[in-house]
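Structural overview
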Amino acid sequence: MPESVFTYAAPKLKFGPGAISEIGHDVAGLGARSALVVTDPRLMATGHPERVADALRSAGLRVEIHDSAAVEPSDASLAAAVERAKGVAPVDAVVAVGGGSSIDTAKAVSLLLTNPGELMDYVNAPVGGGRAPEHPVLPVIAVPTTTGTGSESTTICVLDVLEAKVKTGISHERLRPVLAVVDPELTATQPPGVTASAGMDILCHALESWTARTYTTYEHKTPEQRVPYCGANPIADMYAERAMRLLAGAFRRAVAGDEAARTDMALAATFAGMGFGNAGVHVPHANAYPVAGRVHDLGSGFRPDGYDASEAMVPHGMAVASTAPAAFAMTFEADPQRHLAAASWLDPQGLDADVAEPERLSAVLRRLMRDIGQPSGLAEIGYTDADVDGIVSGTMQQQRLLATAPREVTEEDIAGVVRASMHHW
């Protein structure tokens with residue numbers, strides 16, 4: 001029987017300049033009396049986490065701040081953050097202040113302060129044990145300071161499993177934050193390179209959920225089989241389209257430092273998160289995990305602009321974007337009209353309207369990536385043809401994501417996408 005039911009969920013949302021000043025009232029309203037603020041050392045220096053802590057204290061909460069989040073979290077960094085959190089007095093809530101790295105770290109802390117076992121027990125199979133939480137987790141309140149990850153809206157905690165040289169995640173509906181406080185003023189300290197990379201994550205969230213396999217193409221599920229990613233559906237479609245239309249006008253201006261564009265980017269990130277957090281993502285995100293996870297062994301001198309990286313790293317949004325043009329060329333035939341609609345929304349001036357239809361969305365993406373300073377391809381990051389098989393192997397481990405692709409994806413398909421992504425221009 002074909003599926004006839006789709007599901008939709010999202011956190012409670014507070015959006016707008018100055019929203020952060022009300023977080024004490026909001027968290028106290030959840031019944032919390034003590035909170036752990038999770039952030040990273042670089043963001044700690046901006047003063048944003050202390051502002052959040054002060055707002056919480058003003059509402060009578062006991063607060064401790066941990067700068068335990070690592071950029072692009074790994075199994076090791078998450079385990080260390082959990083151990084540090086276990087050393088504090090019991091808390092009622094975990095407040096994440098930062099980008100996706102801080103929010104995902106907070107999710108892991110929330111999970112393992114309340115449930116038995118080790119981190120890898122809960123990591124998605126086949127990389128980890130795929131265990132589901134047995135008990136409710138601590139409520140996570142997400143305060144994003146970057147415009148992109150969407151982690152404030154989703155059920156996913158992404159991590160780099162160092163030994164396996166692959167990124168994967170923990171996915172369960174209990175990990176979705178109960179509240180997202182999105183204050184565009186907090187993104188003012190975001191460097192242009194971070195705006196560009198995180199913005200490509202927003203764009204791919206919207207594009208992948210918009211082009212995802214529709215929910216009606218799955219076999220009918222029983223209630224206990226339902227998962228957060230249910231395929232493209234009318235509500236997710238609405239958010240994805242709105243996110244792309246906002247990005248078309250705001251993305252380049254935001255990278256250039258335009259203040260009004262930052263607000264639009266924050267709103268686009270929120271919309272895209274509400275879309276893909278229910279529809280799902282597919283090939284570009286599946287590729288991103290090995291692209292980011294395997295770079296440590298390349299001996300590459302690549303250092304992304306805007307990031308304090310002492311060794312080679314590929315920020316998540318940049319990793320996702322790195323194969324997106326070729327990935328959408330590969331999926332075009334599954335639903336040409338959706339791919340062409342997306343291209344028209346992202347290119348309202350029609351600068352690439354004369355490009356052949358199967359390559360039109362790819363051309364729009366390449367033009368944008370070049371304009372905002374993204375790498376010219378995997379080769380600039382340090383990858384060569386000798387690395388294709390390793391990336392393909394890592395991608396094929398992401399079956400939870402590939403199942404959302406609008407067409408069946410083979411190893412040969414992924415190899416073709418990776419080879420075509422060595423040089424974008």
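Source: prediction; values computed, not measured.

Some thoughts on the nonpolar core
If you look at the biggest cluster of nonpolar residues, it comprises 105 residues, and the most contacted ones within it are Ile170, Leu203, Leu207 and Met244. Ranked by the residues each element gives to this core, the list is headed by helix α8 (residues 234-255), at 9 residues. Each of domain 1 (12-187) and domain 2 (192-420) contributes no fewer than three residues to this core. For methionine 244, the contacting residues outside a window of four places in its chain are Leu203, Ala206, Leu207, Trp210, Ala342, Trp345 and Leu346. Ala32, Ala35, Ile65 and Ala93 belong to the second-largest nonpolar core, a separate cluster that totals 23 residues.

Quick look at the UniProt feature "domain: Fe-containing alcohol dehydrogenase-like C-terminal" (unreviewed entry) in the chain
In the numbering adopted here, UniProt assigns the feature "domain: Fe-containing alcohol dehydrogenase-like C-terminal" (unreviewed entry) to residues 231-296 and 314-421. Here residues 231-296 runs as 82% helix and 0% strand, with 33 Å between its end C-alpha atoms. The distance from the first to the last C-alpha atom of residues 314-421 is 15 Å, and the span holds 62% helix and 0% strand.

Considerations on the pattern of salt bridges
Going through the model one piece at a time under the given rule, you end up with 18 salt bridges. The shortest N-O distance in the salt bridge between glutamate 3 and arginine 226 comes to 3.0 Å. In this pair, glutamate 3 is assigned in the segment before β1 (12-15) and arginine 226 in the loop between α7 (192-210) and α8, connecting sequence segments 223 residues apart. For glutamate 3, a relative accessible area of 4% translates into the label buried. The partly exposed category is assigned to arginine 226, whose relative accessible area is 26%. Close ionic contact of lysine 14 with aspartate 26 constitutes a salt bridge, the shortest N to O distance being 3.1 Å. Of the two residues, lysine 14 is situated in strand β1 and aspartate 26 in helix α1 (residues 23-28); the sequence distance between them amounts to 12 residues. In this structure, a network of salt bridges that share partners links the residues Lys14, Glu22 and Asp26.

What to know about the side chain of threonine 187
With respect to the helices and strands, threonine 187 occurs in the loop between β8 (179-182) and α7. Residue classification places threonine 187 among the buried positions, given a relative accessible area of 3%.

What counts and how
Residues numbered from 1 in each chain as written. Predicted model: local features only at pLDDT ≥ 70, side-chain atom pairs only at ≥ 80, totals over all residues. Heavy atoms only, no water. Core = buried A, V, L, I, M, F, W, Y, C linked by side-chain atoms within 4.5 Å. Buried < 20%, exposed > 50% of the residue type's maximum accessible area, 1.4 Å probe, protein only. Helix = DSSP H or I, 4+ residues; strand = E, 2+ residues; numbered from the N terminus. Domains from an automatic or database assignment. Contact = heavy atoms within 4.5 Å. UniProt positions renumbered as here; feature names shortened; annotations may be inferred. Salt bridge = Lys/Arg side-chain N within 4 Å of Asp/Glu carboxyl O.

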